Amino acid sequence: MKIRILIILTGVLLLICSCNSKSSYAVDPDDSISESICNNINNVFDYMGKDDYYDGSTIYRFFGGGDSLTDENIALFTSSVSALQIDGARRIIVELDVHIPGGYGGCCSLQNYMPSSDNNVVTDQFEIYDKLSVYTITWQDLSRPNLLNPHIYTDAKDVKYIFIADEMQEKAEEEGIDWYEIWPELEGIETF
């Protein structure tokens, strides 16, 4: 009888523990921007919180791991985040990080501002957009193979400027992807 009760209790505990799909580091949305993103992406990715970034902006971090890193979920993330309207002069970055062996790395991010430049010298002034329309697409050699496919990053909306890893840009060119065709209002592309 004691063994049967122990088995039942163990089963109940396992069921309770498995119902929470968030990682132990995930936090609840803490403002209207994080709440809107979490609702739009159906909590597919874990919200890891927001921080002040080195340039004075606010960075919202999301984390994707395991089964959440499908092409459809990346597209859901980029289209949902880029559709947000940002009021005022707040500078915002929304970043999706992914697990790679030994830690995590950036997958992609969208932000609503660009540093201004004067004769190719970056100043402390910024051009601020009303949407998250400055898009950064990275390349992580150790990430999942589908994350190295430039096609999964094409669902962002109203992109004005792209910062893209050299390897991802080369792969996009090999596959015939023309970012200017995808986003007719694109003002420029910069590789890193």
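Right above here is the structure, for reference.
Residues numbered from 1 in each chain as written. Predicted model: local features only at pLDDT ≥ 70, side-chain atom pairs only at ≥ 80, totals over all residues. Heavy atoms only, no water.

A. Broad picture of the overall build of the protein chain. Secondary structure summary: the protein chain contains five helices and nine strands in total. For the protein chain, the N- to C-terminal ordering of α and β elements is α-α-β-β-α-β-β-β-β-β-β-α-α-β. Expressed as a percentage of the 192 residues in the protein chain, the buried residues total 41%. Taking as baseline every contact in the protein chain between residues at least 6 positions apart, the subset at least 24 positions apart corresponds to 60%. (Helix = DSSP H or I, 4+ residues; strand = E, 2+ residues; numbered from the N terminus. Buried < 20%, exposed > 50% of the residue type's maximum accessible area, 1.4 Å probe, protein only. Contact = heavy atoms within 4.5 Å.)

B. Structural context of the nonpolar core. Among the nonpolar cores identified, the biggest contains 41 residues, and Phe-62, Ile-74, Phe-77, Val-94, Tyr-135, Tyr-153 and Trp-179 are the most heavily contacted of them. Those elements that provide at least two residues to this core are helix H2 (32-40), strand S2 (58-64), helix H3 (71-82), strand S3 (92-100), strand S4 (103-111), strand S7 (134-137), strand S8 (161-164) and helix H4 (166-174). Here the element with the most residues in this core is S3; it accounts for five residues. Sequence-distant contacts of Tyr-135, defined by excluding residues within four places in its chain, comprise Thr-78, Cys-108, Ser-109, Leu-110, Tyr-153, Ala-156, Val-159, Tyr-161, Ile-162, Phe-163 and Trp-183. Ranked by size, the runner-up nonpolar core spans five residues in total, among them Met-114, Tyr-129, Val-134 and Phe-163. (Core = buried A, V, L, I, M, F, W, Y, C linked by side-chain atoms within 4.5 Å.)

C. Up close: the side chain of Gln-169. Mapped onto the elements of the fold, Gln-169 is located in helix H4. Residue classification places Gln-169 among the buried positions, given a relative accessible area of 11%. Not counting chain neighbours up to four residues away, the residues in contact with Gln-169 comprise Ile-164, Trp-179, Ile-189 and Thr-191.

D. Spatial organisation of the environment of Phe-126. Inspection of the secondary structure puts Phe-126 in strand S6 (residues 121-128). Ignoring sequence-local partners within four residues, the contact set of Phe-126 consists of Asp-55, Arg-91, Tyr-113, Met-114, Pro-115 and Ser-116.

E. Molecular detail of the packing of aromatic side chains. Applying the stated criterion to the full structure yields nine aromatic pairs. Ring geometry for Phe-62 versus Phe-77: centroids 5.9 Å apart, planes at 65 degrees, classification edge-to-face. Of this pair, Phe-62 sits in strand S2 while Phe-77 sits in helix H3; the two residues are 15 residues apart in sequence, bridging distant segments of the chain. This pair shows no difference in class: Phe-62 is buried, exactly as Phe-77 is. A ring pair is formed by Tyr-161 and Phe-163, whose centres lie 5.2 Å apart and whose planes are at 50 degrees; its orientation type is tilted. (Phe/Tyr/Trp six-rings, centres within 6.5 Å; stacked < 30°, edge-to-face > 60°.)

F. Local environment of empty space enclosed by the protein. A full pass over the atoms with the stated rule returns one cavity of 30 Å³ or more. Its volume calculated, the largest cavity comes out at about 30 Å³. Together, Val-98, Gly-106, Cys-107, Thr-138, Trp-139, Gln-140, Ser-143, Leu-147 and Tyr-153 line the largest cavity. Of the residues belonging to the lining of the largest cavity, the class tally is five nonpolar, four polar and no charged. (1 Å grid on protein atoms, 1.4 Å probe; cavity = no way out; pocket = protein on both sides within 12 Å on 5 of 7 lines; lining within 4 Å. Points joined across faces, edges and corners; volume = space filled by probe spheres on them. Nonpolar A, V, L, I, M, F, W, Y, C, P; charged D, E, K, R; others polar.)

G. Region of interest: H4. Within the span of H4, buried status applies to Met-168, Gln-169 and Ala-172. Burial along H4 is one-sided: seen end-on, the buried residues are contained in an arc of 100 degrees. Away from the buried face of H4 by more than 90 degrees, exposed residues Glu-173 and Glu-174 are located. Taken together, the buried residues of H4 touch S7, S8, helix H5 (179-182) and strand S9 (188-191). Phi turns positive, to about 75 degrees, at Gly-176, one or two residues after H4. (Arc of directions from axis to C-beta.)

H. Region of the structure containing the pairing of S3. For S3, a buried count of eight out of nine residues is recorded, marking the element as mostly surrounded by other parts of the structure. Judged from the seven bridges that link them, S2 and S3 form a sheet pairing that is parallel. Looking at the pairing, Tyr-60 lines up with Val-94 of S3. (Pairing = 2+ DSSP bridges.)

Note that all results are geometric; they support no functional claim without further evidence.
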